[in-house]
Amino acid sequence: MLPDSVFLTDRTGPVPLYFQIASRLEEAIRSGALPPGARLENEIALSERLGLSRPTVRRAIQELVDKGLVVRRRGIGTQVVHGAVTRQVELTSLWEDLERTGQNPTTRMLLHEVIPADQRIAESLGVEIGTEVLHLRRLRGADGVPVSILENFLPTEFTNITESQLVEHGLYQLLRIRGVTMRVARQRIGARRATSSESALLEIGRDSPLLTMDRTAYDASGKAAEFGHHCYRPDLYSFEITLVDH
């Protein structure tokens, strides 16, 4: 628990109280006084301790949520995270992006099955309709906080990738181990509302906005190695693109 001195506020000045509280908490997070994983006091306890209204405290915490500094988790409360992951639009995996930013990636397998390719999957992977492909659905977390739901389809030669391998490693790591070198990808980034099941898995409000990415990646020979549809929490994840004027 942070000492009361951290929350000293000017109640006569022009700066709103919620903003002052949010700024103090943000400073504590960025300085390490509130480390990743630390839990904030609940709104009732904090408002009583500071002598402020619950709406004021709630708005202060929402400021931190909007900046990606804390997340609200069902059954746990408000928890400090490392901050939003900014992903360069390049051929990397989410696992690698999390490791690069010093966060601990975790995987919960939601689906691991071999299915016949329908028309969309067949066209994306360049195989015949009905060809057996590996269908994966995973919940990816960062330091225990859910960030993304990853759905992938892989050609027949990868159907022996196991669930335990996917829990311990990123998909692109496993493909590299098998000698696959990704060279190019076709990618589309978008946004939509979360479904009820996605909201529950990602621990966000129902109908919350999600970032989406569809990607087909090709190896050095030009063959499709994977097709994926992923969705991300926008408060914890963003894409970054560098534009060059030629």
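Residues numbered from 1 in each chain as written. Predicted model: local features only at pLDDT ≥ 70, side-chain atom pairs only at ≥ 80, totals over all residues. Heavy atoms only, no water.

## Re the sheet that holds strand 6 (residues 145–154)
The strand order 4-5-6-9-8-7 describes an open sheet built from six strands, whose pairing is antiparallel. Both edges of this open sheet fall to strand 4 (105–116) and strand 7 (182–193), since each of them pairs with a single strand only. Recorded for the sheet is a direction-independent mean angle of 15° between the axes of neighbouring strands. Of the strand pairs in this sheet, strand 6 and strand 9 (residues 224–232) are connected by six bridges, and their pairing is antiparallel. Bridging from a neighbouring strand, Leu 150 pairs with His 230 of strand 9. (Pairing = 2+ DSSP bridges. Helix = DSSP H or I, 4+ residues; strand = E, 2+ residues; numbered from the N terminus. Axes fitted to C-alpha atoms, helices over the stretch in contact; angles between N-to-C directions.)

## Section: the environment of Ser 31
For Ser 31, the position within the fold is in helix 1 (residues 17–31). A relative accessible area of 55% places Ser 31 in the exposed class. A polar atom in the side chain of Ser 31 sits 3.4 Å from the backbone nitrogen of Ala 33. (Buried < 20%, exposed > 50% of the residue type's maximum accessible area, 1.4 Å probe, protein only. Polar contact = N/O pair within 3.5 Å; in protein donor to acceptor, adjacent residues only side chain to side chain.)

## Things to note about helix 1
Taking 1.5 Å of rise per residue, 15 residues should cover 21 Å, and helix 1 covers 21 Å from first to last C-alpha, within 8% of that figure. Among the residues of helix 1, those classed as buried are Tyr 18, Gln 20, Ile 21, Ala 22, Leu 25, Glu 26, Ala 28 and Ile 29. As for helix 1, its buried residues are in contact with helix 2 (43–50), helix 3 (54–66), strand 1 (70–73) and strand 2 (77–80). Looking one or two residues beyond helix 1, the residue adopting positive phi is Gly 32, at roughly 95°. (Expected span 1.5 Å × (residues − 1). Contact = heavy atoms within 4.5 Å.)

## Quick look at the side chain of Glu 198
The residue Glu 198 is located in helix 8 (residues 196–202) in this model. Polar side-chain contacts of Glu 198 include one of 2.9 Å to the backbone nitrogen of Thr 195. Glu 198 has contacts with Arg 137, Ile 149, Arg 192, Arg 193, Leu 210 and Cys 231, leaving out every residue within four places of it along the chain.

## Brief notes about unusual backbone geometry
Non-glycine residue Glu 203 carries a positive phi angle of around 60°. With respect to the helices, strands and loops of the structure, Glu 203 is situated in the loop between helix 8 and strand 8 (209–219). For Asp 207, which is not glycine, the phi dihedral falls at a positive 65°. Looking at where Asp 207 falls in the secondary structure, it is placed in the loop between helix 8 and strand 8. Overall, the relative accessible area of 40% leaves Asp 207 in the partly exposed class.

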